[in-house]
Amino acid sequence: MKAPTRLSPWVVPCVLALATLWSGPTPAHHSFAHFDMNRTIAVTGTVSKWVWANPHSWVYLEVMRADGTTQSWAFECSSPNMMIRWGWRYADIKIGDKLTIDTHPARDGSPQGSVFAVYLADGRVLADPMGRRVSGDDLAKGPPPVPSKPTGEPYR
Amino acid sequence: MNTRITGKVAGLLAAAIGWTAMAAVSAPLKGEVPERNAALAQEWGRIGRLPNFWEGTWQAVTGLYHFPAPVHYTAEAAEYVKNYRPTDDTVMANCAMPGMPFVMNQGAMPIKFLPAPGMVALYIETYAVTRFFHTDRRKIDDIPNPTFLGTSVAHWEGDALVVDSRGFVQDTLLQIGALPPLPGAQFSTPIFKAHGPNLRFVERMHLKDYNTLEISTTIYDDTIFATPYTSTREWHRYTGRNSEPQEWVCSDNRDYYDAETGKLHYDVQDKAVTTSEGAGGKLRP
């Protein structure tokens, strides 16, 4: 897979610790060096687990690959407190839902990613400040305009 | 019964209900001291005339590791800074509460001032901790019981709330400087160091304008700073439901920082503890 070229302009790559990413303050819970924030892929699958917890939420998908095999993916989100202010609700996602996640994948090739946006079956899009360079003002005001459909290269 | 009589009965009934309600409000409660209530009402009135720190919540807008020069170190601290090598990952993982002063700097979630007679409380959503600034003119003990947030007394100097805090556990996270950004990085790297026994903070909080809170913090630690160090940070006010304070309980360590290796491991299932994944919750038997 090659790097996507259709990232919306509000995606700012990051390569160092979350703490060093944000122009303003940050939860700074840990580094995001694990994820390639310059790449975005779109992973579609069925929700197998949905963890709404601090310091980070997680979505787990069972993904059917093009070769017919199934792969388990784990996607790291922000703190629920931040996600709520960006329009998320716990009830938005349920086990068994089919959804697509724009994600910055792990550098080591493991099936993990940091969440950029989640595309729900009902058409709603949930943006996540996870690992982005945003300020306290951005966190309070909510997300910038979100894409209406996945921007990452489809993961097969 | 004609309508005129019905109306009179209804009026009398309403009056009776109203009188009963008024009596209930004005009658002293058991144990209530009216004079004390009057004093409290007067104190609340005084609070109402203070600068309005109280409305809405405040989002930090100053960079996390903001630590402007000049810094005047002790000889020992200067040597420490000279030889400092940052760890690969954050020392804030594994739900470890950073304590003062870093808990004030961390941001992402807002802070909320709550006034009361004799006290100002400051809720910090990140880590869901509350600092209590005693404004009743008490003194801090010479050797306060050590805590993560310290013991704080405060007073008003004009429109500024001046908060004096001492008595910290050794585990508080103290940034004493910042290194230039690493290659490829946009921002500085923090320098952390264990604090000395006499660590003290004096914070001067005031409204730069109605929507901007400015806090100048002076750090006193004679093992680190040859002269006290002062820096200033800003917060912006937000109101509305989206900015109301929330619970923040750190309950999940599936991103696990191994202090032995200085490495962070992601999605470590045997460290995953949370109550929000249905039957999988592990916080309780």
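Remember, it's a predicted structure, so these values are computed and weren't measured experimentally.

Peer 1: Teacher, can you tell me more about the pattern of salt bridges here?
Peer 2: Side-chain pairs of opposite charge can arise whenever the charged atoms involved come near each other. Residues and elements named next belong to chain A. Going through the model one piece at a time under the given rule, you end up with eleven salt bridges over all chains. A salt bridge links D92 to R124, with the shortest nitrogen-to-oxygen separation between them at 3.0 Å. Highlighted residues: D92 in the loop between α2 (80–85) and β4 (98–105) and R124 in the loop between β5 (112–119) and β6 (125–127), separated in sequence by 32 residues. Looking at D92, the relative accessible area reads 11%, which means it is buried.

Peer 1: What am I meant to see in the pairing of β4(A) here?
Peer 2: Here is the key point about a regular strand: its side chains alternate between the two faces of the sheet. All names here are of chain A. In terms of burial, β4 is largely enclosed, as seven of its eight residues are buried. Where strand β1 (residues 41–51) meets β4, six bridges bridge the pair, whose relative direction is antiparallel. Of the residues in β4, the one forming a bridge with V43 is I101. Of the strand pairs in this sheet, β4 and β5 are connected by six bridges, and their pairing is antiparallel. When the bridges of β5 are listed, H104 appears paired with S114.

Peer 1: Sorry if this is basic, but what is going on with the pairing of strand β2 (residues 58–64) of chain A here?
Peer 2: Residue and element names in this part refer to chain A. Burial within β2 is extensive, with five of its seven residues counted as buried. Relative to β2, β1 runs antiparallel, the two being bridged by five bridges. Paired with K49 across the bridge in β2 is Y60. Connecting β1 to the antiparallel partner β2 that follows it, the hairpin turn spans six residues. Looking at chain direction, β2 and strand β3 (residues 70–76) are connected through seven bridges and run antiparallel. Considered in β3, the bridge of W58 is made with E76. The turn joining β2 and β3, which pair antiparallel and follow one another in sequence, is formed by five residues; a positive phi near 90° is taken by G68.

Peer 1: Could you clarify how one ought to interpret the environment of Q59(B) in this entry?
Peer 2: When you line up the elements, Q59(B) lands in strand β1 (residues 57–60). Judged by relative accessible area, Q59(B) falls into the buried class, the value being 2%. Linking Q59(B) and C250(B), residues 191 residues apart in sequence, is a C-alpha distance of 20 Å. In this structure, Q59(B) is in contact with G136(A), L139(A), A140(A), A108(B), M109(B), P110(B), E234(B), W235(B), H236(B) and Y238(B), ignoring residues within four places of it in sequence.

Peer 1: Got a minute to help me understand the environment of L99(A) in this structure?
Peer 2: Residue and element names in this part refer to chain A. Along the chain, L99 turns up in strand β4. As for L99 and Y119, which are separated by 20 residues in sequence, their C-alpha atoms are 5.8 Å apart. In contact with L99, not counting residues within four places along its chain, are V43, T44, G45, V47, L61, I93, V118, Y119 and L120.

Peer 1: Hey, could you run me through the environment of M37(A) in this one?
Peer 2: Of note, M37(A) is situated in the loop between α1 (18–21) and β1. On a C-alpha basis, the gap between M37(A) and H104(A) in space is 5.3 Å, while along the polypeptide they are 67 residues apart.

Peer 1: Is there a simple way to think about the state of the cysteines in this case?
Peer 2: Covalent bonding between the sulfur atoms of two cysteines defines a disulfide. Residue and element names in this part refer to chain B. Under the criterion given, the structure shown has one disulfide over all chains. With its sulfur 2.0 Å from that of its partner, C95 forms a disulfide with C250. Disulfide C95-C250: torsion about the S-S bond near -75°, hence left-handed. One end of the pair, C95, is in the loop between α3 (75–82) and α4 (102–105); the other, C250, is in the loop between β11 (229–238) and β12 (256–258), and 155 residues separate them in sequence.

Peer 1: Looking at this structure, how should I read the nonpolar core?
Peer 2: The tendency in soluble globular proteins is for nonpolar side chains to be buried side by side. Ranked by internal contacts, the top residues of the largest apolar core, which has 76 residues, are W88(A), F113(B) and L213(B). For this core, the element with the most residues is β1(A), which contributes four residues. Sequence-distant contacts of W88(A), that is, excluding residues within four places in its chain, are made with W50(A), W52(A), C77(A), M83(A), I93(A), V115(A), V118(A), L126(A), A127(A) and D128(A). Residues M130(A), A93(B), Y257(B) and L264(B) belong to the second largest nonpolar core, which totals nine residues.

About the thresholds
Residues numbered from 1 in each chain as written. Chains lettered and ligands numbered in written order. Predicted model: local features only at pLDDT ≥ 70, side-chain atom pairs only at ≥ 80, totals over all residues. Heavy atoms only, no water. Salt bridge = Lys/Arg side-chain N within 4 Å of Asp/Glu carboxyl O. Helix = DSSP H or I, 4+ residues; strand = E, 2+ residues; numbered from the N terminus. Buried < 20%, exposed > 50% of the residue type's maximum accessible area, 1.4 Å probe, protein only. Pairing = 2+ DSSP bridges. Contact = heavy atoms within 4.5 Å. Disulfide = S-S within 2.5 Å. Core = buried A, V, L, I, M, F, W, Y, C linked by side-chain atoms within 4.5 Å.

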